[in-house]
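# Descriptive structure summary
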Amino acid sequence: MVLLIGYLIKKIYLHSQCELNQKFAEFDLTASQTFVMIHLFKHHAKGILLNQKDLETAFHLSNPTITGILQRLEAKGLIERKIGEKDARVKYISLTEKAHLLDEQLKNIFAEHEKSLIQDLSDEEAAVLKQLLLKLLQQ
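In this text the structure is predicted, and so the values were computed from the model without any measurement.

A separate point is helix α4 (residues 63-75). A rise of 1.5 Å per residue sets the reference length of α4, with its 13 residues, at 18 Å; its end C-alpha atoms lie 18 Å apart and thus fit the reference within 8%. Among all positions in α4, only I66, T67, G68, I69, L70 and L73 are buried. In this structure, the buried residues of α4 make contact with α2 (31-45), α3 (52-59), β2 (79-83) and β3 (91-95).

Now the structure itself:
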């Protein structure tokens, strides 16, 4: 019997993205835009400035894809791009006050979504699933 693990992972991903897109529509955001914002929130809390290249690397996305996400977030007034002090070619991304007002709400939606993903699993099964997925990502 051939296990179609890649197919199942993709199917879970698509289902998850669809649900998140519906939940974030209330904020005029997509799941992808929100993932980028959450990533920026986490780094901002640590005092770390990120640039576009950092996001491309973190999300394994192309320059045009990240550019589109950032352009839409900027148009919505959620981020600003600021020229680096040491290198004018580098633009660092900062979150606006408008974005910070959404921080807790977005995190709560993600937390609720995570719970719904594993609601039918025991705590032990959820821990094993997480461990196995992390192991697959290390390949």
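Turning our eyes to something else, we now look at α2. Residues spaced three or four apart along an α-helix point in a common direction, a consequence of the helix completing one turn every 3.6 residues. Relative to the 21 Å expected for 15 residues at 1.5 Å per residue, α2 spans 21 Å between its end C-alpha atoms, a close match to the ideal helical length. Here α2 has its buried residues at A31, Q33, T34, V36, M37, I38, H39, L40, F41 and H43.

Right, let's get into the layout of surface pockets. The rolling of a water-molecule-sized probe over the atoms marks out the regions of remaining empty space. In this structure, the largest pocket occupies an estimated 1,900 Å³ of space. The wall of the largest pocket is formed by 33 residues, among which Y13, F35, E114, L133 and L137 lie closest to the centre. Of all the elements, helix α1 (residues 5-24) adds the most residues to the lining of the largest pocket, at 8 residues. Of the residues belonging to the lining of the largest pocket, the class tally is 23 nonpolar, 6 polar and 4 charged.

Moving on: the packing of α2 against α3. Closest axis-to-axis distance for the α2/α3 pair is 12 Å, and the angle between their directions is 115°. One element, α2, and the other, α3, form an angle in the roughly perpendicular class. Judged by the twist between their axes, the crossing of α2 over α3 is right-handed. Here F35, V36, H39 and L40 of α2 come into contact with α3, specifically with L55, A58 and F59. Looking at the contact of α2 with α3 residue by residue, the classes come out as 6 nonpolar, 1 polar and no charged.

Sheet topology places strand β1 (residues 50-51) next to β3; 2 bridges connect them, and they run antiparallel. The residue of β3 that forms the bridge with L50 is I93.

Now for the packing of aromatic side chains. The full count for this structure, using the stated rule, is 2 aromatic pairs. Here the aromatic rings of F24 and F110 are separated by 5.3 Å at their centres, their planes lie at 55°, and the arrangement is tilted. One end of the pair, F24, is in helix α1; the other, F110, is in helix α5 (residues 97-117), with 86 residues separating them in the sequence. The interplanar angle of 40° and the centroid separation of 4.9 Å between the aromatic rings of F35 and F110 together place this pair among those described as tilted. Within this pair, whereas F35 is found in helix α2, its partner F110 is found in helix α5, the two being separated by 75 residues in sequence.

This part covers the nonpolar core. Buried together is how nonpolar side chains tend to be arranged in soluble globular proteins. In terms of nonpolar packing, the biggest core is built from 25 residues, with F24, L29, M37, L40, L55, L73 and L106 touching the most fellow members. For this core, the secondary structure elements donating two or more residues are α1, α2, α4, β3 and α5. Examining the composition of this core, we find that 6 residues originate from one element, α2, more than from any other. Aside from chain neighbours lying at most four places away, what touches F24 is L29, T30, A31, T34, L106, I109 and F110.

Rules behind the numbers
Residues numbered from 1 in each chain as written. Predicted model: local features only at pLDDT ≥ 70, side-chain atom pairs only at ≥ 80, totals over all residues. Heavy atoms only, no water. Helix = DSSP H or I, 4+ residues; strand = E, 2+ residues; numbered from the N terminus. Expected span 1.5 Å × (residues − 1). Buried < 20%, exposed > 50% of the residue type's maximum accessible area, 1.4 Å probe, protein only. Contact = heavy atoms within 4.5 Å. 1 Å grid on protein atoms, 1.4 Å probe; cavity = no way out; pocket = protein on both sides within 12 Å on 5 of 7 lines; lining within 4 Å. Points joined across faces, edges and corners; volume = space filled by probe spheres on them. Nonpolar A, V, L, I, M, F, W, Y, C, P; charged D, E, K, R; others polar. Axes fitted to C-alpha atoms, helices over the stretch in contact; angles between N-to-C directions. Parallel < 35°, antiparallel > 145°, perpendicular 65-115°, else oblique. Left-handed = near helix turned anticlockwise from the far one by under 90°. Pairing = 2+ DSSP bridges. Phe/Tyr/Trp six-rings, centres within 6.5 Å; stacked < 30°, edge-to-face > 60°. Core = buried A, V, L, I, M, F, W, Y, C linked by side-chain atoms within 4.5 Å.

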